[in-house]
Amino acid sequence: MLNGDVHTLPLHRSLPELSRELGSHLFLYHILEGTPNGVLVIGLDHRVMYANDAAHRLLGIKSRNISDPSLAVLLGGENHWFFYQIGQFFDNINEIWESRIRHEIEIDAGEEEPKIVDAVLVYPPSAPDYYLLYLNDITTMKRLEGQLRRRNAFFNKLITASVDGIIASDMEGNLILFNDAALNLLGYTDRQEFSTVRVTDLYNDNFAYTIIRRMRSDDFGGEGKLLHQELNVRHKEGYDIPVMFSGGIIYDHDQEFATFGIFTDLRAMQQIEEDLE
């Protein structure tokens, strides 16, 4: 195998048989069997010559009782497009510069849900009579990504639908998030224009620095929090707007990463109180 020669191996082979076949290259077998990723050695006729234990598990070879070593059968009909791409790769091998192709596939291994696998085909530069297919199980990662996308979509909808203004900024004072309610509260119609505003411009007399000091204190809702503070923010036209403010500091590994604020417009409430008086 070190010289580019691959012995044709059944998918299952006893260790004594492998010792005779591989000789001094037996250590390669132990490496391949120890890796958590699936590894297939496949002839140019697209028949599998060798599959390590991880590949057996990912492809569900035992549970599916597969005896045909052709790659098309092992991949299953759901991955016919990937197999087609492999065929196109070798049909045009003299016209392309790439030595590998990559594709995300799903494998029905006889479990409740299919496995999501990152499949990478590698054809060695020596142009031997075989190619390699590496299989990496990314099912858990994909599920976590899906959960994160759904969670982000949920929070984005909450922020967008909120009647209160919501603004977040980095620790340098640059705005990184705001909703339409914040634009309306402060008199802006152009999101691009508002994105250039610094958080210190939202308050009079450098009051933004007072807010961050209070957030870092334990006296206003706990460290990193500032709850239920009546204060004024500055409208685009320059006049003050009374709001109820709650916010805090966002941490990343105990480091201050950003700040956020939720602004409830108090003008209507104050007008009602004045009318009652």
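The structure under discussion appears in the preceding block.
Reference entry: report on the structure contained in this document. (Residues numbered from 1 in each chain as written. Predicted model: local features only at pLDDT ≥ 70, side-chain atom pairs only at ≥ 80, totals over all residues. Heavy atoms only, no water.)

### Here's the deal with a negative patch on the surface
For the record, the criterion: For patch building, the residue pool is restricted to those with more than 30% relative accessible area and no salt bridge; the joining distance is 9 Å between like charges and 5 Å between nonpolar side chains (Val, Leu, Ile, Met, Phe, Trp, Tyr). Shrake-Rupley sampling with a 1.4 Å probe provides the accessible areas, and residues are treated as covered by the protein chains on show and by no other component. Criterion for a salt bridge: a side-chain nitrogen of Lys or Arg within 4 Å of a carboxyl oxygen of Asp or Glu. None of His or the chain ends enter the tally, which takes Lys and Arg as positive and Asp and Glu as negative. Lysine's charge is taken at NZ, arginine's at CZ, aspartate's at CG and glutamate's at CD. A run of DSSP states H or I qualifies as a helix once it reaches four residues; a run of E qualifies as a strand once it reaches two. Both are numbered from the N-terminal end.
Judged by side-chain charge, Glu 230, Glu 273, Glu 274, Asp 275 and Glu 277 come together as a negatively charged surface patch. Note that Glu 274 resides in helix H10 (residues 267-276).

### Details of the nonpolar core
For soluble globular proteins, the rule of thumb is that nonpolar side chains tend to be buried together. Under the convention used in this document: Take the buried Ala, Val, Leu, Ile, Met, Phe, Trp, Tyr and Cys residues and link them wherever side-chain atoms come within 4.5 Å; each set so joined is a nonpolar core. Working definition: with a 1.4 Å probe on protein chains only, accessible area under 20% of the residue-type maximum means buried, over 50% means exposed, and in between means partly exposed. Here, residues are in contact when the closest pair of their heavy atoms is within 4.5 Å.
Counting residues in hydrophobic clusters, the biggest one holds 26 residues, and the most contacted among them are Leu 40 and Leu 133. Every element with two or more residues in this core is listed here: strand E1 (38-43), strand E2 (48-51), helix H3 (53-59), helix H4 (71-75), helix H5 (80-91), strand E3 (100-107), strand E4 (115-122) and strand E5 (130-137). Per-element tally for this core: the top contributor is H5, with four residues. Those residues in contact with Leu 133 that lie beyond four places of it in its chain are Gly 38, Val 39, Leu 40, Ile 42, Leu 71, Phe 82, Ala 119, Val 120 and Leu 121.

### Details of the sheet that holds E3
Picture the strands of a sheet paired through backbone hydrogen bonds; they go either parallel or antiparallel. This is how it is decided: Pairing between two strands is assigned when DSSP locates at least 2 bridges connecting them. To obtain each axis, a line is fitted to C-alpha atoms, and for helices this fit is confined to the stretch in contact; angles are then taken between N-to-C directions over 0 to 180 degrees.
What the five strands build is an open sheet, ordered E2-E1-E5-E4-E3; its pairing is antiparallel. Looking at the sheet topology across the chains shown, the edges are occupied by E2 and E3. Going from strand to strand, the sheet's axes swing by 25 degrees on average, the running direction of each strand aside. Bridge count between E4 and E5: six bridges; the pairing is antiparallel. Paired with Val 117 across the bridge in E5 is Asp 137.

### Side note on helix H9 (residues 207-216)
When we look at burial in H9, the residues that qualify are Ala 208, Thr 210, Ile 211, Ile 212 and Met 215. Taken together, the buried residues of H9 touch strand E8 (225-234), strand E9 (240-252) and strand E10 (255-265).

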